[in-house]
Amino acid sequence: MFDGISEDSADVVGVLTERIEARFGMGMDQLKAAVAAAPTANLDATDVVKWHNLLVEAQSVLERAEDDLLAALQTQPSEVDDPTMGLAHRVNAAVTARDGRAMVVRWLLDPNAPGKKDLAAERLARLRPRTGPAVQTSAPNRPLGSTAPATAWRSARAAR
């Protein structure tokens, strides 16, 4: 890994949690509560909280997979059987998922990360959820004194 987090770091989640708290100036519980109360108030915070939750979940899956593998290895003779090898593959997959999510969190925290200040960033911004409708969704108000219904306009147009 990079950004001061070595591959040997056992507490990737802890390091990134500290960075999130420093960036937003509040503890994770406060930040989660703020995002839950107003998810559109700060979209960066909303994204970071979402990916942090995914990271915590991936770390939990990894820890369970490691525990299962250790338990299986303690009962193995000198050679590893296929089910135990399957557990090892599960650990590798869990590490990959956790590291991928950690990379997303680091990217979200880095304002100068590649792709944040170019055409790709503009496209990404367009994909973000809107806070309101993009176009008017209700019929426009007619000016006062206008009594002609819309069907009258259509029929006058059809008569031409």
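In what follows, the structure referred to is the one given above.
Structure report, in brief.

Thresholds applied
Residues numbered from 1 in each chain as written. Predicted model: local features only at pLDDT ≥ 70, side-chain atom pairs only at ≥ 80, totals over all residues. Heavy atoms only, no water. Helix = DSSP H or I, 4+ residues; strand = E, 2+ residues; numbered from the N terminus. Buried < 20%, exposed > 50% of the residue type's maximum accessible area, 1.4 Å probe, protein only. Contact = heavy atoms within 4.5 Å. Core = buried A, V, L, I, M, F, W, Y, C linked by side-chain atoms within 4.5 Å.

As for the environment of W51
Reasoning step 1: You can see W51 is positioned in helix α3 (residues 43-74).
Reasoning step 2: The exposure class assigned to W51 is partly exposed, which follows from its relative accessible area of 25%.
Reasoning step 3: Spatially, the C-alpha atoms of W51 and V104 are 7.2 Å apart, while their sequence positions differ by 53 residues.
Reasoning step 4: If sequence neighbours within four positions are ignored, W51 has contacts with R101, V104, V105 and L108.

Examining the nonpolar core
Nonpolar side chains in soluble globular proteins generally cluster together in the buried interior.
Reasoning step 1: Counting residues in each nonpolar core, the largest one holds 16 residues, and the members touching the most others are I20, F24 and L31.
Reasoning step 2: Every element with two or more residues in this core is listed here: α1 (12-24), α2 (28-37), α3 and α4 (82-109).
Reasoning step 3: The dominant element in this core, judged by the number of residues it contributes, is α1, at 5 residues.
Reasoning step 4: Excluding residues within four positions of it along the chain, L31 makes contact with I20, F24, M26, A45 and V49.
Reasoning step 5: Counting 7 residues, the second largest nonpolar core, distinct from the first, contains L62, A65, A72 and L87.

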